[in-house]
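Inside the fold
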Number of protein chains: 2
Amino acid sequence: MLDRISEIIHRYRSFLITAHVRPDGDALGSELALYHVLRNLGKEALIFNQDKTPENYEFLPGSGDIVNELSDPGKYEVVFVLDCSDLERIGEPAAIIGEMPLIVNIDHHISNVGVWEVAYIDRDASSTGEMIYRLIRRLGVRITPEIANNLFGAIMTDTGGFRYGSTQSETLHTAGHLVENGANPQWLSENIYENNPLSKTLLLCKALEALSLELDGRVASMVVSIESLVATGAKSEYIEGFVDLPRTIKGVVVSIVYLELEKGHYKLSLRSKGRVNVEQVARRFGGGGHLNAAACKIRGELGDVKRQVVEAIRAVL
Amino acid sequence: MLDRISEIIHRYRSFLITAHVRPDGDALGSELALYHVLRNLGKEALIFNQDKTPENYEFLPGSGDIVNELSDPGKYEVVFVLDCSDLERIGEPAAIIGEMPLIVNIDHHISNVGVWEVAYIDRDASSTGEMIYRLIRRLGVRITPEIANNLFGAIMTDTGGFRYGSTQSETLHTAGHLVENGANPQWLSENIYENNPLSKTLLLCKALEALSLELDGRVASMVVSIESLVATGAKSEYIEGFVDLPRTIKGVVVSIVYLELEKGHYKLSLRSKGRVNVEQVARRFGGGGHLNAAACKIRGELGDVKRQVVEAIRAVL
């Protein structure tokens, strides 16, 4: 499959690159690395994402070239759909992009069912970034520092800093090669992880004050109220990562952040350790996700909502 | 120097292994890896540390064999002093150990001035664990899963999860080889980072409440008072990792945790971003460490101590 995709890259002239809604480090780093490769080969390339690049990824080399409006898709011969298990993950423009003459999917999600014209899917890969690295090696083109930094950022973020079970020896050797080619782990992690607004830390403090444990300490939850958002001046998107904190407590297998969207309406982020399936919990309330990470929205009084959620978790423990 | 140390290992029969007071992941992982190597070679070996192994490292293979009482040092021909820039870092038994016939130092601290009989010092190495890996390769012995997990833990913790500037391509390739030889990144990180006593999270909350910013937001500090230790039931060792949190705030280049040891006596942990040298700051108060991570102790009233430290930081910014 890598040969087929290499051939497509050599044969065609103009490429559109896209990824999933609310792009993360793996989506962005993979898109940008491929973008630089194509441009270095003298091709025309454009990255389109439905949603804006989060602030902490704006430093990624080439990030300023990403567009969020798709003006003339007909102009591109090939579209790369990266880090997407299905076309709908692109967001609203899925319909337009679905009409393009040649679609190439590169992805590592277990949920990818593989209904693509051309697809390179490796459900065991740590990240789409690691797969783009393999493609670049097959192409035999030079890995510039721009490419190396984007791919290192993709791999680092999608493995939780080389911590998740998906981290294999190949993942670490790839990261080593990327550093040889100019990737700077410190610069990347400082920009991605250490560039938070002060209000985020203040909000975390407020959320921690509202930490509570249920089911003999196996479920830990924090509440982010509208009041604490207002008091700290934080945006609700700053809660990203909060849910990982209660999970670090000994004995906790499920951690939850209740974000108050409006009075009596909560968005839940759920994370679990081991084989506890929080996707099943979220699905019960109309949400979804993965085995260890899921989300849903629930209406009701906070105490009631928490009781319902604890009951739903008890059923999967 | 690796040849000389290999020769020593082959020539002698009984080895004592020690490291610095309040041993961290690098000290423990390095000691345990070397311990397994020596035992696999049929040597007699004992690990002695003045201070107890922190709970979150008790799972490391062989950890149960570490002793905190040194009964018969005369019985050992050679002592390995790991991850120590000078003999005093061992703690009180430094005097006894200093009398032993052959002392071998393996260390990566910049503050190591190298007054050792036999020393393998690499101030650019990410960790002592990475140096022990090189020694093992030189020895040509098999890297068992016990050795691989201990070394991966050492390297992972001392690079902040492959994030610090000390992370080089060799560091990542070493980590890759360790995974090939049985290291399990997920198991290690869950045990080390996601097995915290509840009181640690409660203490973090109290420390965050005492967050303050100085020098136009470039210095962030938290205070862990005896009062908050008592109120949460946390041990002072639980502050490990706290100093990394203020560093995630945008604009902050130096973060500090002031741990109150007793009234008017503080232990400071300092971390920096980029090229800000906190080792220089710590040295000014009789401490030491690395460019981006250092520690020292200061006596005085908290307000005074903070003013002195801020002045010392201003001088290196």
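The shown structure was predicted, so the numbers you read here are calculated from the model rather than taken from an experiment.

Rules used throughout
Note that residues are indexed from 1 along each chain, following the sequence as it is written. Note on labels: chains are lettered from A, ligands numbered from 1, in written order. The predicted nature of this model means local features are confined to residues of pLDDT at least 70 and side-chain atom pairs, given and counted, to a pLDDT of 80 or more, with totals for whole chains, interfaces and linings taken over all residues. Two residues qualify as a contact pair if the distance between their C-beta atoms, derived from the backbone, is within 7 Å. The helix and strand labels rest on DSSP assignments: H or I over at least four residues marks a helix, E over at least two residues marks a strand, and numbering proceeds from the N terminus. Amino acid classes used here: Ala, Val, Leu, Ile, Met, Phe, Trp, Tyr, Cys and Pro are nonpolar; Asp, Glu, Lys and Arg are charged; the rest, including Gly, are polar. Overlaid copies result from least-squares superposition on C-alpha atoms, with residues included only where pLDDT is at least 70 in both. Expected span of a helix: the number of residues minus one, times 1.5 Å. Each residue is classed by its C-beta neighbour count within 10 Å, where at least 20 other C-beta atoms makes it buried, 12 or fewer makes it exposed, and intermediate counts make it partly exposed; the C-beta atoms are placed from backbone geometry. All axes are obtained by fitting lines to C-alpha atoms, using only the stretch in contact for helices, and the reported angles, taken between N-to-C directions, cover 0 to 180 degrees. Here is the rule for angles: anything less than 35 degrees is roughly parallel, anything more than 145 is roughly antiparallel, 65 through 115 is roughly perpendicular, and the remaining ranges are oblique. For any pair of crossing helices, the crossing counts as left-handed if the nearer helix is rotated counterclockwise from the farther one by less than a right angle, and right-handed if it is rotated clockwise.

This part covers the interface of chain B and chain A. Taken together, the contact between chain B and chain A spans 36 residues of the former and 35 residues of the latter. Residue assignment for the side of chain B that touches chain A shows that the elements contributing at least two residues are helix H6 (169-180), helix H7 (185-193) and helix H8 (198-209) of chain B. No other element matches H6(B), which puts seven residues into the side of chain B that touches chain A. When grouped by side-chain class, the residues that make up the side of chain B that touches chain A number 15 nonpolar, 13 polar and eight charged.

On to the relation of the copies chain B and chain A, then. It takes a turn of 179 degrees to lay chain B on chain A, together with a shift of 0.4 Å along the axis; the resulting RMSD is 2.1 Å. In symmetry terms, the pair is related by a two-fold rotation axis. Comparing interface residues between copies, 97% of those in chain B also sit at the interface in chain A, which points to an isologous, same-surface contact.

By the secondary structure assignment, A:Asp124 is in the loop between strand E5 (118-121) and helix H4 (128-139). Sequence separation between A:Asp124 and A:Gly114 is 10 residues; the distance between their C-alpha atoms is 14 Å.

A few words on H6(B). With 12 residues, H6(B) should cover 16 Å at 1.5 Å per step; its first-to-last C-alpha distance of 17 Å lies within 8% of that length. All buried positions along H6(B) are accounted for by B:Thr171, B:Leu172, B:Thr174, B:Ala175, B:Gly176, B:His177, B:Leu178 and B:Val179. Taken together, the buried residues of H6(B) touch helix H6 (169-180) of chain A together with helix H4 (128-139), helix H5 (145-158) and H7 of chain B. Immediately beyond the C-terminal end of H6(B), within one or two residues, lies B:Gly182, with a positive phi of roughly 115 degrees.

The next thing to look at is the packing of H5(B) against H6(B). Residues and elements named next belong to chain B. In the contact formed by H5 and H6, the axes pass within 9 Å of each other and the chain directions differ by 150 degrees. What the angle tells us is that H5 and H6 run roughly antiparallel. For the crossing formed where H5 meets H6, the hand is left-handed. Across from Ala148, Leu151, Phe152 and Ile155 in H5, the residues of H6 making contact are Thr171, Thr174, Ala175 and Leu178. In terms of residue class, the contact of H5 with H6 is built from six nonpolar, two polar and no charged.

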